[in-house]
Amino acid sequence: MGEIEQRPTPGSRLGAPENSGISTLEHGQKPPPTPSGKLMSIKIQMLDDTQEAFEVPQRAPGKVLLDAVCNHLNLVEGDYFGLEFPDHKKITVWLDLLKPIVKQIRRPKHVVVKFVVKFFPPDHTQLQEELTRYLFALQVKQDLAQGRLACNDNSAALLISHIVQSEIGDFDEASDREHLAKNKYIPQQDALEDKIVEFHHNHIGQTPAESDFQLLEIARKLEMYGVRLHPAKDREGTKINLAVANTGILVFQGFTKINAFNWAKVRKLSFKRKRFLIKLRPDVNSSYQDTLEFLMASRDFCKSFWKICVEHHAFFRLFEEPKPKPKPVLFSRGSSFRFSGRTQKQVLDYVKEGGHKKVQFERKHSKIHSIRSLATQPSEPNSEVPKQAQQSGSLTLGEGSEPPGGQSCPQGGDLATASAEDAERQRGPGPSRSPAGSTKGDGASGVAAEEDEELVKDRPQQSRPRPPQPSTGSLTGSPHLSELSINSQGGTAPTNAILSPNLSPDTKQASPLVSPLLNDQSGPRAEDEDDGRRKRFPTDKAYFIAKEVSTTERTYLKDLEVITSWFQSTVSKEDSMPESLKSLIFPNFEPLHKFHTNFLKEIEQRLALWEGRSNAHIRGDYQRIGDVMLKNIQGMKQLAAHLWKHSEALEALETGIRGSRRLESLCRDFELQKVCYLPLNTFLLRPLHRLMHYKQVLERLCKHYPPSHSDFRDCRAALAEITEMVAQLHGTMIKMENFQKLHELKKDLIGVDNLVIPGREFIRLGSLSKLSGKGLQQRMFFLFNDILLYTSRGLTASNQFKVHGQLPLYGMTMEESEEEWGVPHCLTLRGQRQSIVVAASSRPEMDKWVEDIQMAIDLAEKSSGPAPEFLASSPPDNKSPEEAAGDQESEDDLSASRTSLERQAPHRGNTMVHVCWHRNTSVSMVDFSVAVENQLSGNLLRKFKNSNGWQKLWVVFTNFCLFFYKSHQDNHPLASLPLLGYSLTIPSESEDIHKDYVFKLHFKSHVYYFRAESEYTFERWMEVIRSATSSASRAHAPSHKESHVY
């Protein structure tokens, strides 16, 4: 599990040898193997504006991600494309193919990487595949809409007319004008509408593939085609823009090209700080100086542009990938960056030798499908490709002839004389057409159809699913699209976890692990009968997705009832809640409960028809769910006013608790009831969480269905509706999650009065060992964006953690000190008034803390000043590490507090803070956000290590924990199993689990097997449980604007 399946990469399909690519490796070295281990999810925005999530190992080089995207698209000519993203300084850069992704993308969950065209060839006939030309056409469409592809009105109208032809087909004036009204291809489109319609009239009979070809034929002649401007100044301080193209380096003033330096004229490119230098070859006829100098905004901008120039020169001018320079023995000078990948010459040679490979694909925006294939004939090169030059200095360019694709076309001006006649003339020498009927006319590609069929067909003979691989996953429908969603393997249990999974801090509370449900006691068994029943279920993946909607909707209704029934009943018995607060909470939840009760009924009726349990003769008309989802999501929009009130209700409830001892006591007592299996304030946010789950489900359905499916249109429409709702509530969700988490932590701490203040952001909590006179003693640490608290678990009935010290982050420094203290994974934290030495349980755990503490220190430095002290007692110890080592600190000294013990009352001992304490691990705010997105419920069969039978249970996964019920009708769970620290694996052959779809959870000696009913549900349970068994690492520091502040 966790191994990456080796798929053929675009490189291997092009027949190129494996090599290292750039000079960061010694000559002759091979690139490091793709690392296994923890996976990270990267969101990729495709050229058709869809987003896909790709999971790759954290330490994998960028090439692994690019190959995964090309494999997903079935793209052979992937060498023309690249991945770009904004780095931590908001500079858009290209993903380096050999550097580890985690070192380049510091905040994967907050970054959307764009898959775009990187190298624009001089002639689009060099692009051999229809898919490649289609992607180039999408890039032209995107550049046109964003104003990058500046051109005159005639050119713009002609370009748009070809786009319209490819999307809606032959001319119909009413359809044209309706389509143009709904789609804006250029900012000032209205003024060009008549001209677009006129040009479109001349494209009758043109297939989408031919439209792409003609679009590129026009676009390539435009001056701004494939040009990305980089602001700079010349020596006189005049503002200009630099760009790089297949021909060389271009200089623009505004959108007007004022100069060009062909590769043949350029001897060397280099940069020094903010200065970009072009060294030209001697030319007696030239008035230019030997070296041209341009000033850019910063060194980072300058280096980024230099790298792009290096890559363009190598791709278009060299025979093969440049070899790295030998590593210097003593000193290195300059950058070691070199182009990595295949050159255009290598791509063209492969296509010429291997022939044209037909690739089926789906056109997202097109209402028609091409029934003819373009079989373009590659143009013969007019001149030889220049031999590779010796690389020296920063970049030395060889004596050159023209690029490998033949002479580059002149970068002419706008098509000022473009007209309908021009378009007609351009179609004359166009590509020849293949026989009709070579492509499926239903809009679904043959390859895609085969992949979908493979995903959903039943495989009863297969007892082990395939291992995970870098592949696409449905993008989580969360308002936290900017945050990292981790899907990593369950690691081994911490080696020095000090306690068993029994989370009870004392003998007064029973451990969930001694429940009959979690021990081998007699109970309902379901084995052969259940096997037979599962086999009669539909095998379509869409059915199981619809069933997930049903099972999670049941849990959601139960969560709503916690507020509308149980909490309302408790409040009505005591006169402790103000009427204003009652009217804010309950009237805004009751309409939701009523609506979702009917929604669940409709889903279950549809599933019954789908399964053929009733009206079997018309079952085929009901094997869909999109229409039910669309109808009810449109109905939810009418309840939006109630959703907006939930954040207000949460704030009002916490304000009321702070001001009323009676209300505080009532809520605390209610949380101790079995029905309130999560913190009370979490239930108030459940409706917002549920919207994200609908979005996830609809994304999976849209990904599963081909566009020709009868359910696709409804699912796509429902997805658009729910996406709009989620986007509107995004800001509220970010704010409320942090607010809710601060108040939840406040209940676990004593000795602190003003934990919840405006601007404070929770970052991480977890167990670390603090060095004192008695050696290493376990402490609980709480990291915020302004302060670090350390606490000890008080030996009191409240099970709370007593705050013992605080370290303001403003002015703090951090250093690793393993050698100084002789303690593994050891850190010294030096505050302005206090220093402490702490140690983590493992190296990965230490890395998480180092990353988050450094990020928090950076945030504190950018803030207005030191954070206010908020400890009510126990002032911080003003000691150096040496004094701290001599401090005789003991648990007895920390067992009481005089500030808030008068309000002590029974407190739950299984909160996330206690789980982290007992499992000796940590969890971050990113992890909590992931937990919100990864919720699931349904029936599972459970088996113990030494038992034979399988017990059927209703299982709810939420908040890093599995909750077990006898059936979905139960009001409260019978047991729970926190999963932090657990390992998630697939049983080995030696364990004799001869069943399909089984996964294994184990921690120390505790082993549980769980069995799902289908491949889809198995994969979903594996996906969500992985998010809890291995907590996420916060991969980057948020800015103040992106912080979870309230």
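Refer to the structure printed above.
Let me sum up the structure you'll find in this document. (Residues numbered from 1 in each chain as written. Predicted model: local features only at pLDDT ≥ 70, side-chain atom pairs only at ≥ 80, totals over all residues. Heavy atoms only, no water.)

1. Re the overall build of the protein chain
Okay, so step 1: Check the secondary structure of the protein chain and you find 28 helices and 29 strands.
Okay, so step 2: Looking at the protein chain as a whole, 58% of its 1046 residues qualify as buried.
Okay, so step 3: The long-range fraction of contacts in the protein chain, counting pairs at least 24 apart against all pairs at least 6 apart in sequence, stands at 72%.
Okay, so step 4: Here the protein chain has roughly 43,100 Å² of accessible surface; of this, 49% comes from carbon and sulfur atoms. (Helix = DSSP H or I, 4+ residues; strand = E, 2+ residues; numbered from the N terminus. Buried < 20%, exposed > 50% of the residue type's maximum accessible area, 1.4 Å probe, protein only. Contact = heavy atoms within 4.5 Å. Areas by Shrake-Rupley, 256 points an atom, 1.4 Å probe, with all protein chains shown as cover.)

2. Describing the packing of aromatic side chains
Okay, so step 1: Scanning the model with the defined rule gives 32 aromatic pairs in all.
Okay, so step 2: Here the aromatic rings of Phe999 and Phe1018 are separated by 6.5 Å at their centres, their planes lie at 50 degrees, and the arrangement is tilted. Of this pair, Phe999 sits in strand β28 (residues 998–1003) while Phe1018 sits in helix α28 (residues 1015–1029), and the two are 19 residues apart along the sequence. You'll find Phe999 and Phe1018 in the same group, each marked buried.
Okay, so step 3: A connected cluster of aromatic rings, assembled from ring pairs, spans Tyr80, Phe81, Phe115, Phe119, Phe120, Phe136, Tyr225, Phe315 and Phe316.
Okay, so step 4: We note Lys741 situated over the ring of Phe928; from NZ or CZ to the ring centre the distance is 3.6 Å.
Okay, so step 5: Over the ring of Phe784 we find Arg760; its NZ or CZ atom is 6.0 Å from the centre of that ring. (Phe/Tyr/Trp six-rings, centres within 6.5 Å; stacked < 30°, edge-to-face > 60°. Lys NZ or Arg CZ within 6 Å of the ring centre and 35° of its normal.)

3. So, the environment of Phe136
Okay, so step 1: Within the secondary structure, Phe136 sits in helix α4 (residues 130–145).
Okay, so step 2: Each C-alpha atom of the pair Phe136 and Val116 lies 8.7 Å from the other, and the pair is 20 residues apart in sequence.
Okay, so step 3: Residues in contact with Phe136, not counting those within four places in the same chain, are Tyr80, Phe81, Val117, Phe119, Phe120, Pro121, Leu127, Leu216 and Tyr225.

4. Brief notes about helix α21 (residues 686–704)
Okay, so step 1: Compared with an ideal rise of 1.5 Å per residue, which puts 19 residues at 27 Å, α21 spans 27 Å between its outermost C-alpha atoms and is within 8% of the ideal.
Okay, so step 2: For α21, a buried count of 18 out of 19 residues is recorded, marking the element as mostly surrounded by other parts of the structure. (Expected span 1.5 Å × (residues − 1).)

5. Brief notes about helix α27 (residues 925–933)
Okay, so step 1: Within α27, nine of the nine residues are buried, which leaves it mostly tucked inside the rest of the structure.
Okay, so step 2: Residues Met925, Val926, Asp927, Phe928, Ser929, Val930, Ala931, Val932 and Glu933 constitute the buried set of α27.
Okay, so step 3: Against the buried residues of α27 lie α21, α22 (712–748), β15 (762–772), α26 (912–919), β22 (922–924) and α28.
Okay, so step 4: Between a side-chain oxygen at the N-terminus of α27 and the backbone nitrogen of Val926 the separation is 3.3 Å; the capping residue is Ser924. (Polar contact = N/O pair within 3.5 Å; in protein donor to acceptor, adjacent residues only side chain to side chain.)

6. Topic: the pairing of strand β18 (residues 801–808)
Consecutive side chains along a regular strand alternate between the two faces of the sheet.
Okay, so step 1: For β18, a buried count of seven out of eight residues is recorded, marking the element as mostly surrounded by other parts of the structure.
Okay, so step 2: One ladder, built from seven bridges, connects strand β17 (residues 787–793) with β18; its direction is antiparallel. What sits directly across from Ser792, in β18, is Lys802. (Pairing = 2+ DSSP bridges.)

7. Some points on the sheet that holds strand β23 (residues 936–944)
Okay, so step 1: The strand order β26-β25-β24-β23-β29-β28-β27 describes an open sheet built from seven strands, whose pairing is antiparallel. Strands with a single pairing partner mark the edges of an open sheet, and in this sheet they are β26 (975–978) and β27 (983–985). Neighbour-to-neighbour, the strand axes of the sheet open up by a mean angle of 35 degrees, direction not taken into account.
Okay, so step 2: Direction of pairing for β23 relative to strand β29 (residues 1006–1011): antiparallel, over a ladder of four bridges. Its bridge partner being in β29, Arg942 is matched across the sheet by Phe1010. (Axes fitted to C-alpha atoms, helices over the stretch in contact; angles between N-to-C directions.)

8. Topic: the nonpolar core
Okay, so step 1: Formed by 129 residues in total, the largest nonpolar core has its most connected members in Ile585, Leu962, Phe999 and Trp1021.
Okay, so step 2: Residues in contact with Ile585, not counting those within four places in the same chain, are Ile563, Met577, Ala649, Leu653 and Leu684.
Okay, so step 3: Judged by nonpolar contacts, the second largest core, of 102 residues, contains Leu83, Val140, Ile308 and Phe315. (Core = buried A, V, L, I, M, F, W, Y, C linked by side-chain atoms within 4.5 Å.)

9. Quick notes on the environment of Pro121
Okay, so step 1: Mapped onto the fold, Pro121 is located in the loop between β5 (112–117) and α4.
Okay, so step 2: Owing to a relative accessible area of 3%, Pro121 belongs among the buried residues under this scheme.
Okay, so step 3: Considering only alpha carbons, one finds Pro121 and Arg220, 99 residues apart in sequence, at a separation of 8.9 Å.

10. Re the pattern of salt bridges
Any two side chains of opposite charge can pair, so long as their charged atoms come close to each other.
Okay, so step 1: Scanning the model with the defined rule gives 45 salt bridges in all.
Okay, so step 2: Among the ionic pairs, Lys182 bridges to Glu178, the shortest N-O distance being 3.3 Å. With Lys182 and Glu178 both in helix α6 (residues 173–182) and four residues apart, this pair spans about one turn of that helix.
Okay, so step 3: Exposure remark for Lys182: the relative accessible area of 65% places this residue in the exposed category.
Okay, so step 4: Under the relative-accessibility criterion, Glu178 is labelled partly exposed at 46%.
Okay, so step 5: For the salt bridge of Lys848 with Glu845, the shortest nitrogen-to-oxygen distance reads 3.8 Å. With Lys848 and Glu845 both in helix α24 (residues 843–862) and three residues apart, the pair spans about one turn of that helix. We note that Lys848, like Glu845, is buried.
Okay, so step 6: Residues joined in a network through salt bridges with shared partners are Glu173, Arg177, Glu193 and Asp194. (Salt bridge = Lys/Arg side-chain N within 4 Å of Asp/Glu carboxyl O.)

11. Considerations on the packing of helix α16 (residues 590–611) against helix α17 (residues 626–637)
Each pair of packed helices can be described by the angle between their axes along with the distance between the axes.
Okay, so step 1: Between α16 and α17, the shortest axis-to-axis distance is 10 Å and the interhelical angle comes to 175 degrees. Here α16 is positioned roughly antiparallel relative to α17, judged by the angle of their axes. Here Phe595, His596, Phe599, Glu602, Ile603 and Arg606 of α16 lie close against α17, whose contacting residues are Asp627, Val628, Met629, Lys631, Asn632, Gly635 and Met636.
Okay, so step 2: Its residues assigned to classes, the contact of α16 with α17 shows six nonpolar, three polar and four charged. (Parallel < 35°, antiparallel > 145°, perpendicular 65-115°, else oblique. Nonpolar A, V, L, I, M, F, W, Y, C, P; charged D, E, K, R; others polar.)

12. Side note on unusual backbone geometry
Okay, so step 1: If you check the backbone angles, Asn959 has positive phi at about 55 degrees while not being a glycine.
Okay, so step 2: Residue position: Asn959 is located in the loop between β24 (951–958) and β25 (961–965).
Okay, so step 3: Overall, Asn959 belongs to the partly exposed group, its relative accessible area being 24%.
Okay, so step 4: Despite not being glycine, Phe960 has its phi angle at roughly 65 degrees, a positive value.
Okay, so step 5: Along the chain, the position of Phe960 falls in the loop between β24 and β25.

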